[in-house]
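Architecture and fold: a report
Now for the letters of each chain:
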Amino acid sequence: MSDREVLEGSTRFFIPEQDENSSFPPGSAAVFFNDRMRLNRDSTNYLLRQLDVSSYFDAMAASGVRGLRVAHECGIPVTINDYSPEAAALIRKNAAMYPENEITVTEEDCRAVMLRQRFDVVDLDPFGTPAPFVDIAATSARHYLFVTATDTAPLCGAHLKAGIRRYGARPMNTEYHSEVGLRLLLGFVVRETVKYDRGIEPLFCFAREHFVRLHLRMTNGAGKGDMALKNIGYIHQCPACPWRMTETAFLPSVQECPECGAKMSRIGPLWVGPINNHEVLTQLAADLDADGMGESVLARLVTILDGELPTPAFYNYHRLAKHWRISPSPADDVIATIRDAGYQASRTHYDGRGIKTDAPLHVLRDAITTRG
Ligand SMILES: C[S@@+](CC[C@H](N)C(=O)[O-])C[C@H]1O[C@@H](n2cnc3c(N)ncnc32)[C@H](O)[C@@H]1O
Ligand SMILES: [Zn+2]
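These remarks concern the structure in this document.

Conventions and cut-offs
- Residues numbered from 1 in each chain as written.
- Chains lettered and ligands numbered in written order.
- Predicted model: local features only at pLDDT ≥ 70, side-chain atom pairs only at ≥ 80, totals over all residues.
- Heavy atoms only, no water.
- Helix = DSSP H or I, 4+ residues; strand = E, 2+ residues; numbered from the N terminus.
- Rg over C-alpha atoms; globule rule 2.2 N^0.38 Å.
- Buried < 20%, exposed > 50% of the residue type's maximum accessible area, 1.4 Å probe, protein only.
- Contact = heavy atoms within 4.5 Å.
- Areas by Shrake-Rupley, 256 points an atom, 1.4 Å probe, with all protein chains shown as cover.
- Lys, Arg positive; Asp, Glu negative; His and termini not counted.
- Charge placed at Lys NZ, Arg CZ, Asp CG, Glu CD.
- Pairing = 2+ DSSP bridges.
- Axes fitted to C-alpha atoms, helices over the stretch in contact; angles between N-to-C directions.

To continue, consider the overall build of the protein. In terms of helices and strands, the protein carries 14 helices and 16 strands. The globule rule puts the C-alpha radius of gyration for 372 residues at 21 Å, and the 21 Å found for the protein is close to it. With the C-alpha coordinates aligned to their principal axes, the bounding extent of the protein is approximately 65 × 40 × 40 Å. The burial tally for the protein puts 56% of its 372 residues in the buried class. Considering only contacts within the protein whose residues lie at least 6 apart along the sequence, 61% involve residues at least 24 apart. Of the accessible surface of the protein, which amounts to about 16,000 Å², a share of 50% is contributed by carbon and sulfur atoms. Both charge centroids of the protein, one from 40 positive and one from 46 negative side chains, sit 6 Å from each other.

The following block contains the structure:
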């Protein structure tokens, strides 16, 4: 099969001709490439601009696009790995186009590489779940760990048993399932990390379309591990009404819904802390602006992330309106009314109809009903 040259960012590289007729995810070619993950890759490159790192491991590289872009666009020495011989051959061909960059190509199970070598940044981008790789990556990543997961059905509760098996946590298919997926994955990464007396700090994390992307700083010491664990907890969701609450605890309590008395369903354990770092997002926005990318999809995402309340479990206000059989006001009006009532409220990147708030349900109901 012939290769086709493509340009992403300022990096040129070859990918095999992909079968135009295959449905998503594209998987027919000998080596995988998905153009729709460009925003995922762009986000990492922008973040790397503000981090001081001197080695990056693209553990599961396929064409090598991530590692190539990091080497060429950020000037960081990279190791690009894939255990597939076809992928490794393509990576070598692509790496040969950048003789001025420090690029090492390896063709192994990435776990073997991570077992013997540490990198400032480890980046996991598997087919589906990263669960089998996080443990070893948590020891190999000196300063930063980046993780993509595309198994959103198990993470979000649509495939409940698979979610429990992979992540040792109970998801639930709620209106905020994308947020549950992100927080469940983050909680799992924390539990895989703290056993090594290390912790994590989320820098820039988001869920989009069919994937979750985490950019995490690794911290060292048992105390840092304990600090990370303080962000582990549960969401209690009423199965009968929209009521939900967050509990920060290693073991969940049993709760009854204060609205309707039903026994609450417990979701977790999962990460209930902030998923982004304000300083990092501010710098990302400035860098995007400086590049004339201030109106890009990525810049809009960064802005929404920065405004989003850090607490879990957003509401879809159209769902609430349906539940209460009322017709909803526009989101901005709802948010303004909640704020006027003295509570916090924001939009959320997970859902265009999502609202985050610390207001009780009756305030939310009034705000959804009141027009302008
Ligand atoms: C989703 S693709 C990577 C996509 C690529 N990072 C990109 O941005 O286009 C996953 C790749 O991981 C490779 N892979 C899966 N398990 C692996 C393992 N244990 N060690 C090394 N490579 C692995 C597969 O051969 C495949 O090429
Ligand atoms: Zn209830």
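Still to come is the rest of the account.
All right, on to the sheet that holds strand S13 (residues 265–271) then. Judged by pairing direction, the sheet is antiparallel, and its three strands sit side by side in the order S12-S11-S13 without closing on themselves. The sheet is open, and its two borders are formed by strand S12 (244–248) and S13, each paired with just one other strand. Neighbour-to-neighbour, the strand axes of the sheet open up by a mean angle of 25°, direction not taken into account. Inspection of the sheet shows strand S11 (residues 232–237) paired to S12 by five bridges, in the antiparallel sense. Pairing of histidine 236 across the sheet is with methionine 245, part of S12. Of the strands in this sheet, S11 and S13 are in contact with helix H8 (residues 177–194), which crosses S13 at around 55°.

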